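# Remarks on the overall topology
Next come the chains, spelled out residue by residue.
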Amino acid sequence: EPEVTQTPSHQVTQMGQEVILRCVPISNHLYFYWYRQILGQKVEFLVSFYNNEISEKSEIFDDQFSVERPDGSNFTLKIRSTKLEDSAMYFCASLPPRRENQETQYFGPGTRLLVL
Amino acid sequence: AQSVTQPDIHITVSEGASLELRCNYSYGATPYLFWYVQSPGQGLQLLLKYFSGDTLVQGIKGFEAEFKRSQSSFNLRKPSVHWSDAAEYFCAVGYSSASKIIFGSGTRLSIRP
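Keep in mind the model is a prediction, meaning the values are calculated, not measured. (Residues numbered from 1 in each chain as written. Chains lettered and ligands numbered in written order. Predicted model: local features only at pLDDT ≥ 70, side-chain atom pairs only at ≥ 80, totals over all residues. Heavy atoms only, no water.)

Our next topic: the environment of Gln2 of chain B. Residues and elements named next belong to chain B. Tracing the backbone through its elements, the reader meets Gln2 in the segment before strand E1 (3–5). Taking the relative accessible area as the measure of exposure, Gln2 reaches 15% and is therefore buried. Setting aside residues no more than four positions away along its own chain, Gln2 makes contact with Ser26, Tyr27, Val93, Gly94, Tyr95, Lys100 and Ile102. (Helix = DSSP H or I, 4+ residues; strand = E, 2+ residues; numbered from the N terminus. Buried < 20%, exposed > 50% of the residue type's maximum accessible area, 1.4 Å probe, protein only. Contact = heavy atoms within 4.5 Å.)

What follows is the structure, encoded as structure tokens:
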């Protein structure tokens, strides 16, 4: 069964550094998402992306965050200048083309980001 | 605004006992409802979903959930739990299949031998 993959699985960075989290969605999927989960807390929506543009973003997704689909297969989340509070598990998700509004988002395994 | 409430932070049940995890949502129209399970340090696995139709939905691992519009609830049930069911369970809601998913705060399930 096709899967969403994410790299790296773990990343440690220094505060103020830029990080790029990578996701490879399932090949025929058209909608892409990033969520995050701070340790011990609930999963929170960050951003959704469709047709090469952001379709919705949350209050968390400020100017420090950006997303890109650089080559038609990868979907990246960039954090320009990381803060301690950016430490979290980041999940990518993708959704197949909508036909009957019965589709489900497929989640990747996550990237655990630790900012020191 | 959409929201999801899981009133039980932590539940402990004996192996072989029945389980019910509560979930209430707030949304004006018919929501898209989900239950996810997460083992420690792992990703999210979809247990089941409700989009429309039969209000009792069957999922993987022997779980089921019932959508009750009048109570704005989508409780998860399992007739007999196994030690491997110990995990964090998240109820979630969306307003379409492509919309963002709003997650509840989760219920941690422990299994007593």
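All names here are of chain A. With antiparallel pairing, four strands are arranged side by side in an open sheet as E1-E3-E8-E7. Whereas interior strands pair on both sides, the edge strands pair on one side only; in this sheet they are strand E1 (5–7) and strand E7 (65–68). Direction aside, neighbouring strands of the sheet carry axes that sit 20° apart on average. Pairing of strand E3 (residues 19–24) with strand E8 (residues 75–79), which is carried by five bridges, proceeds in the antiparallel orientation. Across the sheet, residue Leu21 finds its bridge partner in E8, namely Leu77. (Pairing = 2+ DSSP bridges. Axes fitted to C-alpha atoms, helices over the stretch in contact; angles between N-to-C directions.)

Quick look at the environment of Thr107 of chain B now. Residues and elements named next belong to chain B. As for its placement among the helices and strands, Thr107 is situated in strand E12 (residues 107–112). Note on Thr107: relative accessible area 0%, which makes it buried. Along the chain, Thr107 and Ala29 lie 78 residues apart, while their C-alpha atoms are 25 Å from each other. For Thr107, the side chain forms a polar contact with the side chain of Gln6, separated by 3.4 Å. Here the side chain of Thr107 touches Asp8 through a polar contact of 2.6 Å, landing on its backbone oxygen. (Polar contact = N/O pair within 3.5 Å; in protein donor to acceptor, adjacent residues only side chain to side chain.)

All we've got here are geometric facts, nothing functional implied.
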